[in-house]
Amino acid sequence: MIGSPYTLGGNTTSAIMLKVMLALLPGIGAHAWLFGPGIWVSLLLCSFFAIGFEALLLMMRGLPMKPFLSDNSALLTAWLLALSLPTLAPWWLYAIGMLFAIVVAKQLYGGLGQNLFNPAMVGYAVLIISFPVYMTQWVAPLSLADHALTLADAFDVVFAGQGSISPDAYTSATVLDTWKTQTRLQTPVESILAQPVFASSGQAIVAAMYLLGGLFLLWSRLITWHIPLAFLAGVAVSAGLLHLLDPTQHASPLLHLFSGGVMLGAFFIATDPVTAASTPRGKLIYAGLAGILVAIIRAFGGYPDGVAFAVLLMNVCVPFIDSYTQPRVFGHKIKQGSDKP
Amino acid sequence: MSRTLFTFNGGVHPDGHKTESNGTPIRAMPLLSRYVVPMRQHIGAPARPVVAVGDAVLRGQTLGAAEGYVSTAVHAPTSGRVIAIEPCAAPHPSGLFDLAVVIEADGLDQSIAFEPLDWRALDPSALRNRIREMGLAGLGGAVFPSYIKLNPGAQKIHTLILNGAECEPWITCDDRLMRERAPELVRGIEIMRHALGSATILIGIEDNKPEALAAMRAAAPSDMEVVAIPTLYPGGGGKQLTYTLTGVETPTGGRSTDVGIQVFNVGTAYSLYRAVELGEPLISRIVTITGHVSNPGNFEVRVGTPLSDLVTAAGGMLPGASGEIVGGPMMGFDLMDSAAPVTKAVNCLIIKNSKLFPGKPIELPCIRCGACAKACPADLQPFEMYWYSRAKNFGRAQSYNLFDCIECGCCAYVCPSHIPLVDYFRFAKSEIWEREREKSGADQARIRHDFKTFRLEREKREKAEKFAKAAEKTKAAASNPSEASAAVDPDAEKKKAILQAALERAQKAKESVAPRNTEDLPPRVQREIDEIEARRAAVETKTESTE
Amino acid sequence: MFSAILVMAAIGLVLGGILGWASIKYRVEDDPLVEKVDAILPQTQCGQCGFPGCKPYAEAIAKGEADINLCPPGGDDGVKRLAELLGVEAKPLGEGMEPKPKSVAVIDENTCIGCTLCIQACPVDAIVGAAKQMHVIVASQCTGCELCLPPCPVDCISMQVIKEDVVNWKWRYPIHMMKRVA
């Protein structure tokens, strides 16, 4: 028996997911423009594996296919993981990533809405721990590559291994990688920044496009300002402090904001409602701490980027944060702390 | 004299659908041949029928008297004869029957002599008693007996708010009432002011009703303020309206009177005017009928009118109607039986069709998107309450302030996964209420059992003492034995004989009433009886051994 | 090595001390276990558990002498709550113990002889009446224990299931998320 309300307004889950994917398009377009068509291959592969694993698990769990496959959540996870991974990695790397994202992190926790950890970031973390070599072979910006790959080349590389084309011809270290290795070698900051990867600004443009998509999400009220702002502020403030303390070891906050996964993380990954804090104050705490963790991991950790680990670490704290940041209910007296357990 | 308005958090903007029914004046219903008047038309104890089957009644005659404090009277909608007092279909989400007086109208519509009251000369307490007899209850939907709300008690009610917001989509009965009968309505408000002694009077009307606003402004004296409030559902909720107009939050678990504010629906003010100045009890109200019906609009409907007759009066349902909603689409309920009558609580009947009210999409998992929390006017976290209500973890649901939920439906309205959140909350609330009922019942049983145990022990002790005393007496009176034995024996003999005779009589009576067959019992029943006997024997021996 | 052990021992001592202090300082005054068990039992006083009332059964449970699944009026829900309280595994109700729908006893006015035997049997004094006068059961106080049935010499008492009405009616659990129809 179902009672009132008898009219419904507002969004649907599948439309929300679709709009988020729409908001990713400027970033994807920029990536394809600046880094070559490889991104299409990884998006396609990840989507394929995501749908496949999702369908398989739905079947095993005895759930209906249509409503759950059409909620678009698996596709969104696939896109987010594809955009976090290096393009032109071997096909099985995407398969393993999606296996852990969809099967382990999502469906084994009970499916959509029940997962404690961000599925895409679980897939990413598993891959970077297990296959660090493949995870650092990033496609170079077209302007720097010796060999511009066509779409056919990209398929060839992904499925047939590196084959005729040497990876050195189309890969290069990322901005963060370069910074990390060079500062450890005590290279002066000026000469680091003079390296071609910094000059190309490919990554920064892609990041700016993600920012644009994120603003669209804000404008369409699919996300609130709390998480992106707190996340970016967390990164900028802590990176800024470190930069002030030691400019030779720690890059400027601007470089941090527009490199690696920070923009994608701030607007698309940390905002995943299932795994993020849900109260307004909770969102600020959750995303602020995640931003600080990103800067700390980048500065002192073993991996060049820290978005995935920061988000996953903060995912663990979400139930705790939420229960201590419950907003005041209408008609309740303002009181210190909370009586929530 | 513009007033600073406050904006509550949340709320939604569903399609208003007001124009379907607000364009035509209030129409009168033709007199019917049969009315069904439920005794439970208000919050609290149902009225106690004071007529018998076969009685002739007149319009306005009391059918049921208020029973207890939170209760009010119920009156005959027309003249005729009482043909039944029995459970009938009622406008209730359960579709269960409820006690009602059924009247067969004689078509004359004769009324009792209505006695107008000179309320200005009347003491508020006497006025309240009169209002209780007149059957006044809040017509906004909660139907709380008005005489209680008009009693300021120890609180000083500095502000009286009249609720003409009518925020629910489709409903226009208050809109039409304010447009057409504003002067009478204002006189009702003056009676309220007399009873409560309030200094400030605010009449809140949503700004999607410009005609009603103008009519009320024209009718209201300068010391009543007609305020246009923004159209935002549920702006007409008592707590929300109070906050919008005054910035005061009604404390949780309390009433607005705790902060010196009383809220009445405009319809109640109008009925109060009729009850006091014309002496006519609450026997009719304005009801909107709208949706997929040929002639939507507002009717002045006698309480007790079967809803099916209201549909007929509005020209009947159009082909393709798929059901009826009592109340608005946000907080109303599906009508289970169209024989159910209009009560004091029924403000609207919406005829559904599959285009206006498509079936509910299936429920998908909650993704904690927080849309419900953003829409909640009570600043709750519906998705958390849903999580625990669904898991039947009612304690945790309650710790997320489940009982601050006003069931306005905003959360379910915006939910992208189409989760019927309010249904989960209603389910959890009624389970918790049930448990509380059980708990208080168990507590009472415990107390009574403990007292019985104590009483039995006391009696035993007293008996023993008496016996000891009696033994002493007999010892003392041993010299005269014949007297003692003669005093006791005949009495006991007589008692035994009486009991025996009664037993025989009863046995005979029972055989004639219900012949019973204890000889050829099926083995299952016999076994059950044996088991019960054995258990009781065991209990008895145990009781003895513990003593 | 030695200093490490010392440090660990010192930390252990300090933390243990804090824990001990906190357990005294913030101790929650508790009802005794019997009261807590008794609070869960439905207080029908029906004796179906084999004990002469709810309190004795509660005492037996608290002492560990009785199983938690002997109370049919409490139902599976009651067993579950007892299991939670005592930290044991919930189990189905005992053999042959089926929870019955909630009922009240009703006296047939035509056959009652006013013998007062049921009044004496009622554990909660829910029957009023005097010798040789018709007895009436106060429905709101009747626990439905059925203890008044056997003593009645004329079998004039019957059990009536409490019907659902608009007051005790409950909202149903919403239709759950669609599972694939097999």
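Only a predicted model underlies this, so the values are computations on that prediction, with no experimental measurement involved.

All right, on to the packing of helix H2 (residues 38–60) of chain A against helix H4 (residues 73–84) of chain A then. Residues and elements named next belong to chain A. Between H2 and H4, the least distance of the axes is 8 Å, while the angle of their chain directions is 145°. At the point where H2 passes H4, the crossing takes the right-handed sense. Across from Ile39, Ser42, Leu43, Cys46, Ser47, Ala50, Ile51 and Glu54 in H2, the residues of H4 making contact are Ser73, Ala74, Leu75, Ala78, Trp79, Ala82 and Leu83. When its residues are assigned to classes, the contact of H2 with H4 shows 11 nonpolar, 3 polar and 1 charged.

Right, let's get into a nonpolar patch on the surface. Residue and element names in this part refer to chain A. Among the surface-exposed residues, Trp40, Leu44, Trp91, Leu151, Phe155 and Phe159 lie close enough to one another that they form a single nonpolar patch of about 590 Å² accessible area. Listing elements by their share of the nonpolar patch, those giving two or more residues are H2 and helix H8 (151–160). Here the element with the most residues in the nonpolar patch is H8; it accounts for 3 residues. Topologically, Leu44 is positioned in helix H2. A relative accessible area of 53% places Leu44 in the exposed class.

Taken together, the contact between chain A and chain B spans 38 residues of the former and 53 residues of the latter. With both chains or domains summed, chain A and chain B bury close to 3,900 Å², and 58% of this area falls on carbon and sulfur atoms. Considering only the side of chain A, the residues that lose the most area to chain B are Pro5, Tyr6 and Phe330 of chain A, jointly responsible for 22% of the buried surface there. There are 2 salt bridges connecting chain A and chain B. The salt bridge involving Arg328 of chain A is made with Glu249 of chain B; its shortest N-O contact spans 2.6 Å. Along the contact surface separating chain A from chain B lie 18 residue pairs in polar contact (both at pLDDT 80 or more). Broken down by secondary-structure element, the contributors of at least two residues to the side of chain A that touches chain B are helix H1 (13–35), helix H3 (65–69) and helix H17 (307–324) of chain A. Among the elements that make up the side of chain A that touches chain B, the one with the highest residue count is H1 of chain A (3 residues). Here the side of chain A that touches chain B is composed, by residue class, of 17 nonpolar, 17 polar and 4 charged.

This part takes up the side chain of Thr44 of chain C. Position of Thr44 of chain C among the secondary structure elements: in the loop between helix H2 (33–40) and helix H3 (54–63). Apart from the residues within four sequence positions on either side, Thr44 of chain C is in contact with Cys54, Pro73, Pro123, Thr143 and Cys145 of chain C.

Residues and elements named next belong to chain C. Averaged over every residue, the pLDDT of chain C is 85; residues scoring 70 or more account for 95%. Ranking the elements of chain C by mean pLDDT puts strand E3 (residues 136–137) last with 84 and helix H1 (residues 2–25) first with 92. With a pTM of 0.85, the predicted complex shows an ipTM of 0.87.

Moving on, we come to the pairing of strand E1 (residues 103–107) of chain C. All names here are of chain C. In terms of residue burial, E1 counts as a mostly covered element, since 4 of its 5 residues are buried. Inspection of the sheet shows E1 paired to strand E4 (residues 157–161) by 5 bridges, in the antiparallel sense. Across the sheet, the residue bridging to Val106 is Ser158, located in E4.

Residue and element names in this part refer to chain A. An ideal rise of 1.5 Å per residue puts 16 Å on 12 residues; H4 measures up with 17 Å between its terminal C-alpha atoms. Extensive coverage of H4 is indicated by the burial of 11 of its 12 residues. Those residues of H4 that fall on the buried side of the exposure criterion are Ser73, Ala74, Leu76, Thr77, Ala78, Trp79, Leu80, Leu81, Ala82, Leu83 and Ser84.

Let us now look at the sheet that holds strand E6 (residues 74–75) of chain B. Residue and element names in this part refer to chain B. The strand order across the open sheet built from 3 strands is E3-E5-E6, with neighbouring strands paired in antiparallel fashion. Looking along the sheet, the strands with just one partner apiece sit at the ends: strand E3 (48–49) and E6. Where E3 and strand E5 (residues 62–65) come together, 2 bridges link them in antiparallel fashion. Paired with Arg48 across the strands is Ala65, a residue of E5.

Cut-offs applied
Residues numbered from 1 in each chain as written. Chains lettered and ligands numbered in written order. Predicted model: local features only at pLDDT ≥ 70, side-chain atom pairs only at ≥ 80, totals over all residues. Heavy atoms only, no water. Axes fitted to C-alpha atoms, helices over the stretch in contact; angles between N-to-C directions. Helix = DSSP H or I, 4+ residues; strand = E, 2+ residues; numbered from the N terminus. Left-handed = near helix turned anticlockwise from the far one by under 90°. Contact = heavy atoms within 4.5 Å. Nonpolar A, V, L, I, M, F, W, Y, C, P; charged D, E, K, R; others polar. Patch = residues over 30% accessible without salt bridge, like charges linked within 9 Å, V, L, I, M, F, W, Y side chains within 5 Å. Areas by Shrake-Rupley, 256 points an atom, 1.4 Å probe, with all protein chains shown as cover. Salt bridge = Lys/Arg side-chain N within 4 Å of Asp/Glu carboxyl O. Buried < 20%, exposed > 50% of the residue type's maximum accessible area, 1.4 Å probe, protein only. Buried area = accessible area lost by both parts, 1.4 Å probe. Polar contact = N/O pair within 3.5 Å; in protein donor to acceptor, adjacent residues only side chain to side chain. pLDDT = per-residue confidence, 0-100. Pairing = 2+ DSSP bridges. Expected span 1.5 Å × (residues − 1).

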